Amino acid sequence: RRQRGSQGQGPGLIHVHDQHDNPQGIRAAEPPPCSQGGGLPLLAAGGLATRGRKRRFGVAGVINVAITNLVLQFLLASDLFSVLLATLLSQAVNTTLGYLIYGKLVFRAEGLRHHRPALKYLCLMTGIWLLNSGLIEAGQNGGISRNLTAAALIPGLAVVSYIAQKSWVFRR
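Remember, it's a predicted structure, so these values are computed and weren't measured experimentally. (Residues numbered from 1 in each chain as written. Predicted model: local features only at pLDDT ≥ 70, side-chain atom pairs only at ≥ 80, totals over all residues. Heavy atoms only, no water.)

Undergrad: Hey, could you run me through the environment of Val71 in this one?
TA: Take Val71: it is sitting in helix 1 (residues 53–78). Sequence-wise, Val71 and Ser90 are 19 residues apart; in three dimensions their C-alpha atoms are separated by 5.8 Å. (Helix = DSSP H or I, 4+ residues; strand = E, 2+ residues; numbered from the N terminus.)

Undergrad: I keep staring at unusual backbone geometry and nothing clicks. Help me out?
TA: Excluding glycine, residues mostly carry a negative phi; peptide bonds, for their part, are mostly trans. In the Ramachandran plot, Asp79 falls in the positive-phi region, its phi being about 60° despite a non-glycine side chain. Accessibility expressed as a relative area gives 60% for Asp79, which makes it exposed. Backbone geometry at Arg108 places phi at a positive 50°, although glycine is not the residue there. Along the polypeptide, Arg108 turns up in the loop between helix 2 (83–106) and helix 3 (115–141). Looking at Arg108, the relative accessible area reads 36%, which means it is partly exposed. (Buried < 20%, exposed > 50% of the residue type's maximum accessible area, 1.4 Å probe, protein only.)

Undergrad: Would you take a moment to explain the nonpolar core for this structure?
TA: It is characteristic of soluble globular proteins that their nonpolar side chains tend to be buried jointly. Counting residues in hydrophobic clusters, the biggest one holds 26 residues, and the most contacted among them are Tyr102, Phe107, Tyr121 and Phe170. Those elements giving two or more residues to this core turn out to be helix 1, helix 2, helix 3 and helix 4 (146–169). Among residues more than four places away in sequence, those in contact with Phe170 are Tyr99, Tyr102, Gly103, Phe107, Ala109, Leu112, Tyr121 and Gln165. (Core = buried A, V, L, I, M, F, W, Y, C linked by side-chain atoms within 4.5 Å. Contact = heavy atoms within 4.5 Å.)

Undergrad: Mind showing me how you'd approach the environment of Ile128 here?
TA: Structurally, Ile128 can be placed in helix 3. Relative accessible area serves as the criterion here: at 8%, Ile128 is assigned to the buried category. Distance in space between the C-alpha atoms of Ile128 and Leu157 is 7.0 Å, their sequence separation being 29 residues. Leave out the neighbours within four places in its chain, and Ile128 touches Gln91, Leu157 and Ser161.

Written out as structure tokens, the structure is:
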């Protein structure tokens, strides 16, 4: 829960309340005690807590997607696995890496060992897996290569994932 301060803390300062107000146990990591010139608080609306989040998500996403997509492309090219199983296996890799990378490095969430954010992330990744699998199947039925369809889906699925993680899974 966020609340704007008005008692000498500056008009734009955001307070993230403690664990009693946040039953999920997820809190924003404490920013370093610093300020911009003139003593203005740096944690103003959208300040340190969110600075560079999209960039961090992009960099972490490139790494996670590269690893996950290599697994998926290999499984699809091998013809040993159905699309459903290949996407499930690659999604398991993506989910494990993603929860740790995005939770800690991108959204700087605390309390990742609690079950609620993990369950939310698992639900999100299940939805993305089903969407990915269904769209690859649809592409294949339309005469498009499974590998090409899988690669083409990456940007759209990344946008959906970022928005859902930001507004639902790791929301402060």
